[in-house]
Amino acid sequence: MTKEQKFYKAMQDVFIGAKIEGKGGFINLMRIKSNYYRKIEEILKKDIEKALKSYPSFRDELFDKLYSFFNRYFTESGSIYFNSTPFHNNIYEKVYTDEKDVILFWKTQMLYYVKTDRIFRSLPVEFDGFKFYFDASKIESKKANEKRSLIFELNKILEDETIVFDVLYSEKGTKTKQDEILKAIKKKGITITEEQLERAFRIFEKQSEVDFFINKNAKAFLQEQFKLWSYQYFWEGAKEWSADRVNQLQILKDIAFKLIDFISQFEDELVKIWNKPKFVKNSNYVITLDRILPACHSERSEESLKLVEKIKKHENIEEQIKEWQELGIVDENFKLNDVFTIDLTGKHLSKTYQHLPIDTRYFKDLELEILSQFEDLDKSLDGWLIKSENYQALNTILPKFKEKVQTIYIDPPFNLDSSDQFLYRTNYKDANWATLLENRLKLAKEWLNEKGSIFVRCDYNGNWIVRPIMDEIFNNNLRNEIAVKRTRTLKGESGRFHTAWESLYFYGKSEDTLFNGFRKLKPESEWKWVEMHLPGTRKDEDLLYRNFFGKSIKAPEGRRWALSQEALDDAISKGLVKMDEQTGMPKFFTKWETLGSNWTDISGYSPTHDFTTENSEELLQRAIESTSNKNHLIMDFFLGSGTTTAVAHKLGRKWLGVEMGEHFYTVVLPRMKKVLAYDKSGISKEVKEYQGGGFFRYYELEQYEETLANCKYEDGDLFQVPGRSPYQEYVFMKDEKMLECLEIDYENNKVKVDLDKLYPNIDIAETLSNLTGKWIKKIEADKVWLEGMDDPIDIKDLNYKLIKPLIWW
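Residues numbered from 1 in each chain as written. Predicted model: local features only at pLDDT ≥ 70, side-chain atom pairs only at ≥ 80, totals over all residues. Heavy atoms only, no water.

Engineer: Please give an account of the overall build of the chain that cites residues and values.
Structural biologist: Helices and strands together make up the secondary structure of the chain, namely 22 helices and 29 strands. Within the chain, buried positions represent 53% of all 809 residues. Expressed as a percentage of contacts within the chain between residues at least 6 apart in sequence, the contacts between residues at least 24 apart total 73%. Working note: accessible area of the chain is about 39300 Å², and carbon and sulfur atoms make up 48% of it. (Helix = DSSP H or I, 4+ residues; strand = E, 2+ residues; numbered from the N terminus. Buried < 20%, exposed > 50% of the residue type's maximum accessible area, 1.4 Å probe, protein only. Contact = heavy atoms within 4.5 Å. Areas by Shrake-Rupley, 256 points an atom, 1.4 Å probe, with all protein chains shown as cover.)

Written out as structure tokens, the structure is:
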């Protein structure tokens, strides 16, 4: 292969990436890149031939140097970053800054981390005299970085006894039907064992795994790298600088920069899709009966009573009852008539069943009637559950929740001992994980109000990454590194001490972080009377006590007790303070101690929902109570099994949880329904205010992969403006993208919007609320009222300008 052929082959790899079979957005992306590359290659070849007319001897060197430069920055997935750049090429140029001695450097810090996935290709497999063929054309690529397993379906057996399988990703827990497959194969006279079949499956699954990234600014990155590389090449290789040599090097730079211009347009388009606000889909509400029919007699109580009766008589009520029984909320003896009791004052909800959680997915025709009970809908909600890859959620919903969150708690998965036991991916590379975390933490900071704080849990695998990233984003505002007891056993701990604790990093957004502290109960044997005194002194001749019995004990003017006056008054009223006759000082009966940064007195994990790494409710209680007050908003965007949202609800806080895996529906949602019904586990009994009841919304967000799959890009000529180079012109300007949902009505000079052409079950009200940042006040059949707007938005006759950022970018 000549140097010229080698270069063009490398360019094809850059634009098209690795060949991927199957269905989905990334397949669509590869097709788009391939079509555009064919057009740009023609233009590029003409420009190179024109430039080399005067310097034909420079031809081989030009292609050799272009290949040498570009090849080191492109990967199998088509991502643009440091792939094989040697150390001496100054990739650590930006480690040192004027403000700091050293900043954490990792090779993917200029990227958005999308996912890590296996690139499955159709594959023939032969061993022990058996022949297999695995057809990968039906695999639909993963939407995000969720953990999914493959299943194999027997397609046919050919005349030469080749066993053909279709390969798919498992949906809703489906598994390969090995017994049926073995029987079908044996019917054809092929004697095969279960072990041999499983070996064939394993061989197929061992295909290359690649990381998918998007460069945040590919043009700036590649131009900078070219300058660093060319300076070294120019100065180390130059003995003399003739005019011809300067012209040759200028040709090299011109061609390189033309390529960079064009390459960067693809990346810029991906950046726009990645950061595009996403549609809300499949939205439902969960509300307890007491929130539909309040105990107090209001003007609307009759309407509410009728509404509950409609729910009772609804055709889907049996499905709702079945769900309650599966959740253990009611038993098999439950009767609908027991929901109400009747006394002299009328008909009331039974206390036993007042917190039954109604899921509006069973009652979609009554949903608007349920929502109409609330004059200020969003502010009436206790929380939001969102099924989404968390970057998409943080970015899409930011306008609505910017600076509204008080406390964030996350426990991001990282390099745990066995990914098989978890419902999500855990085996990240260090650089991948650093990028994933940095991308999301930068957004998360914008969610916090000025007094807000964030807790990030990690272990020794990732502590060295978490700390510098958190320092950078949160301006070194570390409040505590808290030790959390580690109860899980780890593999491979022989020859070293058992890992007994993990870190919980507590950062504030500003110096003015809200902090309530936290007291814990001492063992009963340690309860005692302790002498109270002013800070820095045990006695003071000027102490004034006024009517000790039944009234306040006042500290001298200008001084204060170590305990607040409010707390002291409360302690006196409870008989916890007495006067010491000898010293004349008050004594305080204490059974509490102030909590320090060592939290190993409680379990860090509490695997009660089939989640090995589920954080304990006691741990979350400490984090939430110490940094927030009632009705403050708590958030977790690595929600896992839902402990953060469960504890926040029990403590009377608002909450928002994001989780991408299918266990959103099998673990998280059921758990929150049980919390509304009254969950007896965890901290429930000690939090006396928590008695059940609540109202929350749950929905899915459109994902990056889905946007890629739905984008329409034309195969026509490149978009060009006279006098401008096609390399510099934005090549995607005339493409349709997602404009198929618009239809121009020329007669009436209007644009009709039909979002059903994109996705079924789009929730326009919540989509617009997220997009505009305005909370929902009220929803009717065809209208939504957003806060601060005098007039409602007509959902049926939607103004296309409102949704433009969602469909064309």
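Engineer: Describe the sheet that holds strand β24 (residues 695-701), naming the residues involved and giving the relevant values.
Structural biologist: The sheet built from eleven strands is open, its strands ordered β10-β7-β24-β11-β23-β22-β12-β13-β15-β14-β21 with mixed pairing. Looking along the sheet, the strands with just one partner apiece sit at the ends: β10 (357-359) and β21 (598-603). Averaged over neighbouring strand pairs, the angle between their axes works out to 20° when direction is ignored. Pairing of strand β12 (residues 405-410) with strand β22 (residues 633-636) involves three bridges; the strand directions are parallel. Pairing of V405 across the sheet is with L633, part of β22. (Pairing = 2+ DSSP bridges. Axes fitted to C-alpha atoms, helices over the stretch in contact; angles between N-to-C directions.)

Engineer: Go over the packing of aromatic side chains, please, and point to the residues and values.
Structural biologist: In this description, an aromatic ring pair is defined by two values, namely the gap between the centres and the angle between the planes. Going through the model one piece at a time under the given rule, you end up with 50 aromatic pairs. Taking 5.6 Å as the distance between ring centres and 25° as the angle between the ring planes, the aromatic pair formed by F127 and F132 counts as stacked. Exposure class is identical for F127 and F132. Each is buried. Relative to F638, the ring of F637 lies with its centre 5.5 Å away and its plane at 40°, an arrangement referred to as tilted. Each of the two residues, F637 as well as F638, counts as buried. Members of the aromatic cluster, connected to one another through ring pairs, are F69, F70, Y73, F74, F82, F221, F226, W229 and F257. The ring of Y605 has R457 lying over it, and the distance from NZ or CZ to the ring centre is 3.9 Å. One cation-aromatic arrangement involves K737 over W808; the distance from NZ or CZ to the ring centre is 5.0 Å. (Phe/Tyr/Trp six-rings, centres within 6.5 Å; stacked < 30°, edge-to-face > 60°. Lys NZ or Arg CZ within 6 Å of the ring centre and 35° of its normal.)

Engineer: Tell me what's going on with helix α14 (residues 430-447), and back it up with residues and numbers.
Structural biologist: Given a rise of 1.5 Å per residue, 18 residues ought to cover 26 Å, and the 26 Å separating the end C-alpha atoms of α14 matches this to within 8%. When you tally the buried positions in α14, you get 15 out of 18 residues, the bulk of the element. (Expected span 1.5 Å × (residues − 1).)

Engineer: Mind laying out the side chain of D636, listing which residues take part and the relevant values?
Structural biologist: Residue position: D636 is located in strand β22. A polar contact is formed between the side chain of D636 and the side chain of T644, at a distance of 2.7 Å. (Polar contact = N/O pair within 3.5 Å; in protein donor to acceptor, adjacent residues only side chain to side chain.)

Engineer: I'd love a proper account of the side chain of K509, names of residues and values included.
Structural biologist: One can find K509 in the loop between β15 (501-508) and β16 (519-521). For K509, a relative accessible area of 13% gives the class buried. At 2.6 Å, the side chain of K509 forms a polar contact with the backbone oxygen of L448. The contacts of K509, once residues within four sequence positions are left out, are E403, K445, E446, L448, N449, E450, G452, F474 and N477.

Engineer: Describe the pattern of salt bridges, with residues and values.
Structural biologist: For the structure shown, the criterion picks out 46 salt bridges. We note a salt bridge from D47 to K258, for which the minimum N-O separation is 3.3 Å. A residue pair is termed long-range when its members are at least 10 positions apart, and D47 in helix α2 (residues 25-52) and K258 in helix α7 (residues 243-275) qualify at 211 residues. Classification of K258 as partly exposed rests on a relative accessible area of 28%. Among the salt bridges present, the one from D745 reaches K752, with a minimum N-O distance of 4.0 Å. (Salt bridge = Lys/Arg side-chain N within 4 Å of Asp/Glu carboxyl O.)

Engineer: Describe unusual backbone geometry, naming the residues involved and giving the relevant values.
Structural biologist: The phi dihedral of N282 falls on the positive side, at around 50°, and the residue is not glycine. Mapped onto the secondary structure, N282 falls in strand β7 (residues 280-288). Its relative accessible area of 26% is what places N282 among the partly exposed residues. If you check the backbone angles, Y678 has positive phi at about 105° while not being a glycine. The exposure class assigned to Y678 is partly exposed, which follows from its relative accessible area of 28%.

Engineer: Quick one: what's the story with the nonpolar core, residue by residue and with numbers?
Structural biologist: Among the nonpolar cores identified, the biggest contains 160 residues, and F70, L441, F637 and L755 are the most heavily contacted of them. Take this core: its biggest share by element is 15 residues, from α7. The contacts of L755, once residues within four sequence positions are left out, are F279, C741, I762, I764, L798 and I803. (Core = buried A, V, L, I, M, F, W, Y, C linked by side-chain atoms within 4.5 Å.)

Engineer: How would you explain helix α17 (residues 617-627) if you had to name every residue and give the values?
Structural biologist: With respect to burial, α17 is a largely interior element, nine of its eleven residues being buried. All of the buried residues in α17 are E617, L619, L620, Q621, R622, A623, I624, S626 and T627.

Engineer: Break down the confidence of the model for the chain for me, with residues and values.
Structural biologist: Summarising the model, the chain shows a mean pLDDT of 86, and 85% of its residues fall at 70 or more. Here residues 417-422 is a poorly scored stretch, pLDDT under 50, and it has 15 contacts once near neighbours within four places are set aside; other chains count. Overall, residues 534-549 carries pLDDT values under 50, and its contacts beyond four positions in sequence, including any with other chains, amount to 34 contacts. (pLDDT = per-residue confidence, 0-100.)

Engineer: Explain the packing of α2 against α7 residue by residue, including any values.
Structural biologist: Between α2 and α7, the shortest axis-to-axis distance is 11 Å and the interhelical angle comes to 165°. The orientation of α2 relative to α7 falls into the category roughly antiparallel. α2 and α7 meet at a crossing whose hand is right-handed. Side by side, α2 and α7 meet where L29, K33, Y36, I40, L44, D47, I48 and A51 of the first sit next to I251, I255, K258, L259, F262, F266, E267 and L270 of the second. For the contact of α2 with α7, the class distribution of residues is twelve nonpolar, no polar and four charged. (Parallel < 35°, antiparallel > 145°, perpendicular 65-115°, else oblique. Left-handed = near helix turned anticlockwise from the far one by under 90°. Nonpolar A, V, L, I, M, F, W, Y, C, P; charged D, E, K, R; others polar.)

Engineer: Requested: an account of the environment of L104, with residues and values cited.
Structural biologist: Following the sequence through the fold, L104 ends up in the loop between α3 (59-70) and β1 (111-118). In this structure the C-alpha to C-alpha distance between L104 and R467, which are 363 residues apart in sequence, comes to 9.7 Å. Each residue touching L104, except ones within four places of it in the same chain, is listed here: Q109, W464, I465, P468 and I469.

Engineer: Go over a negative patch on the surface, please, and point to the residues and values.
Structural biologist: A cluster of acidic residues, D179, E180, E194 and E195, forms a negative patch at the surface. Where the negative patch is concerned, the elements lending two or more residues are α4 (178-187) and α5 (194-205). Its location among the elements puts E194 in helix α5. (Patch = residues over 30% accessible without salt bridge, like charges linked within 9 Å, V, L, I, M, F, W, Y side chains within 5 Å. Lys, Arg positive; Asp, Glu negative; His and termini not counted. Charge placed at Lys NZ, Arg CZ, Asp CG, Glu CD.)

Engineer: For the environment of F165, give the residues involved together with the corresponding values.
Structural biologist: As for its placement among the helices and strands, F165 is situated in strand β5 (residues 162-169). Filtering out sequence-adjacent residues up to four positions away, F165 remains in contact with F132, Y133, F134, D135, F152, E153, L154, N155, I181, L197 and F201.

Engineer: Describe the packing of α2 against α3, and please don't skip the residues or the numbers.
Structural biologist: Two numbers describe how α2 lies on α3: the axes approach to 11 Å, and their chain directions differ by 135°. By the criterion of interaxial angle, the relationship of α2 to α3 is oblique. Read as a crossing pair, α2 and α3 show a hand that is right-handed. Two secondary-structure elements touch here, α2 through I48, E49 and L52 and α3 through R59, L62 and F63.

Engineer: Tell me about the sheet that holds β5, and name the residues and values.
Structural biologist: The four strands are arranged β2-β3-β5-β4 in an open sheet whose pairing can be described as mixed. One side of each edge strand has no neighbouring strand; the edge strands of this open sheet are β2 (123-127) and β4 (150-157). Taken pair by pair, the neighbouring strands of this sheet meet at an average axis angle of 25°, ignoring direction. Both strand β3 (residues 130-135) and β5 contribute to a ladder of five bridges, which runs parallel. Within the sheet, the bridge partner assigned to F134 lies in β5 and is F165. On top of the sheet, α4 reaches β4 and β5; it is set at about 20° to β4, its chief contact. Running over the sheet, α5 touches β2, β3, β4 and β5 and is turned about 140° from β2.

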